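Survey of secondary and tertiary structure
Okay, here's what each chain looks like letter by letter:
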Amino acid sequence: MQLVIFTKRRIRTRVQNCPDEIPRKATKKNESNEKLRISCVSKSIEKKLVANLDWLSEEWSQAQENKEANNGSSFLPSWYYDESTDNQYAYLNSLGVEINKGKLNKGEMSDLIGIFKPIDDRNKELLKFFKVPLTGLNQTKARYEVNKLLSNPENVTTWEQRPANTLQKEFYRFFSLKAPAGLTFSEAKTFIDEFERDYDGDFEYHLEDLKTDEQIEFFKRNQLLLEDWRNFEEIVLEFEDSEFRDSYEIKKPTISLMRKAIAELKKENVTMEDASSDIELVVEKLLQIKPELSKA
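So, here's what we can say about the structure.

Brief notes about the packing of helix H4 (residues 121-129) against helix H5 (residues 139-150)
The interhelical angle for the contact between H4 and H5, taken along N-to-C directions, is 55 degrees, at an axis separation of 10 Å. Classified by the angle their axes make, H4 and H5 are oblique. The element H4 and its partner H5 pack so that their crossing is left-handed. Along the contact surface, H4 presents Arg122, Asn123, Leu126 and Leu127, while H5 presents Ala142, Arg143, Glu145, Val146, Leu149 and Leu150. When its residues are assigned to classes, the contact of H4 with H5 shows six nonpolar, one polar and three charged.

Side note on the layout of surface pockets
Empty space within the largest pocket amounts to approximately 770 Å³. The wall of the largest pocket is formed by 28 residues, among which Glu125, Asn165, Leu167, Leu237 and Glu240 lie closest to the centre. For the lining of the largest pocket, the secondary-structure elements that each account for two or more residues are H4, helix H7 (166-174), helix H8 (185-199), helix H10 (213-240) and helix H12 (255-267). The greatest single-element share of the lining of the largest pocket, amounting to six residues, is contributed by H10. Counted by class, the lining of the largest pocket contains 11 nonpolar, four polar and 13 charged residues.

Examining the packing of H12 against helix H14 (residues 279-289)
At a closest axis distance of 9 Å, the pairing of H12 and H14 adopts a crossing angle of 110 degrees. Considering the angle they form, H12 stands roughly perpendicular to H14. Between H12 and H14, the contacting residues are Leu257, Met258, Lys260, Ala261, Ile262, Glu264 and Leu265 on the first element and Leu281, Val282, Lys285, Leu286 and Ile289 on the second.

The rules behind each value
- Residues numbered from 1 in each chain as written.
- Predicted model: local features only at pLDDT ≥ 70, side-chain atom pairs only at ≥ 80, totals over all residues.
- Heavy atoms only, no water.
- Axes fitted to C-alpha atoms, helices over the stretch in contact; angles between N-to-C directions.
- Helix = DSSP H or I, 4+ residues; strand = E, 2+ residues; numbered from the N terminus.
- Parallel < 35°, antiparallel > 145°, perpendicular 65-115°, else oblique.
- Left-handed = near helix turned anticlockwise from the far one by under 90°.
- Contact = heavy atoms within 4.5 Å.
- Nonpolar A, V, L, I, M, F, W, Y, C, P; charged D, E, K, R; others polar.
- 1 Å grid on protein atoms, 1.4 Å probe; cavity = no way out; pocket = protein on both sides within 12 Å on 5 of 7 lines; lining within 4 Å.
- Points joined across faces, edges and corners; volume = space filled by probe spheres on them.

Have a look at this one:
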């Protein structure tokens with residue numbers, strides 16, 4: 001079993017036996033160099049862990065300094081400093097990593113687990129947009145890179161003014177609306193949010209604003225479509241999740257292919273709500289239409 005020893009402020013690694021006791025030395029008030037002793041079940045897991053410890057310990061050190069200075073962090077969530085959970089320790093153990101000595105908080109444990117997970121699709125999209133190389137990145141490293149990028153207000157503006165994404169454009173198509181030329185992400189988001197507010201809620205609440213039978217029928221149509229859209233959106237977002245796709249051993253389908261699968265299911269009297277509730281129906285239909293989506 002390979003052993004890794006590191007501190008939150010300074011890191012060193014060993015592949016020989018750990019000493020029974022690792023000394024702790026206070027460096028200043030309320031600060032200690034508590035060392036952690038970690039064991040890995042294989043050399044490959046240890047290699048991945050060690051490759052990320054230098055930059056990660058710097059992030060943890062900065063987070064701790066921010067906490068002690070009582071000024072928080074520019075992007076860490078409020079739960080970051082909470083106590084880690086038994087589920088986190090169990091999940092880390094399932095990855096082949098065990099903390100034998102020392103303790104991590106909830107955010108640090110999440111960071112450690114994320115070293116062994118792929119980049120989230122949303123973060124991958126953002127990093128590609130800003131031309132950040134993805135080679136060597138994992139979920140945690142990518143998350144920190146994204147947070148640093150978005151700590152710059154100019155980058156936030158640039159990101160919000162990016163072209164509308166595929167799902168937003170699909171919203172326009174779904175409701176038989178023409179998307180404006182040069183539509184940006186923020187413009188589409190504003191339009192969609194307002195559209196949903198306009199057609200959301202009980203029909204009777206909106207009735208006084210509807211003057212003609214044509215307006216009433218148009219409203220009812222869009223309200224029913226909105227229910228279908230929300231189910232369709234949920235289905236699309238499921239397939240954008242890499243962990244979900246891995247669980248079904250399926251590659252990421254295009255939105256047009258998902259649209260086709262839903263249309264085929266409707267012919268079999270499967271409603272959009274049924275498809276959203278039983279996502280396996282969609283998976284099976286996608287593989288039936290395009291078998292090469294299978295990873296198996």
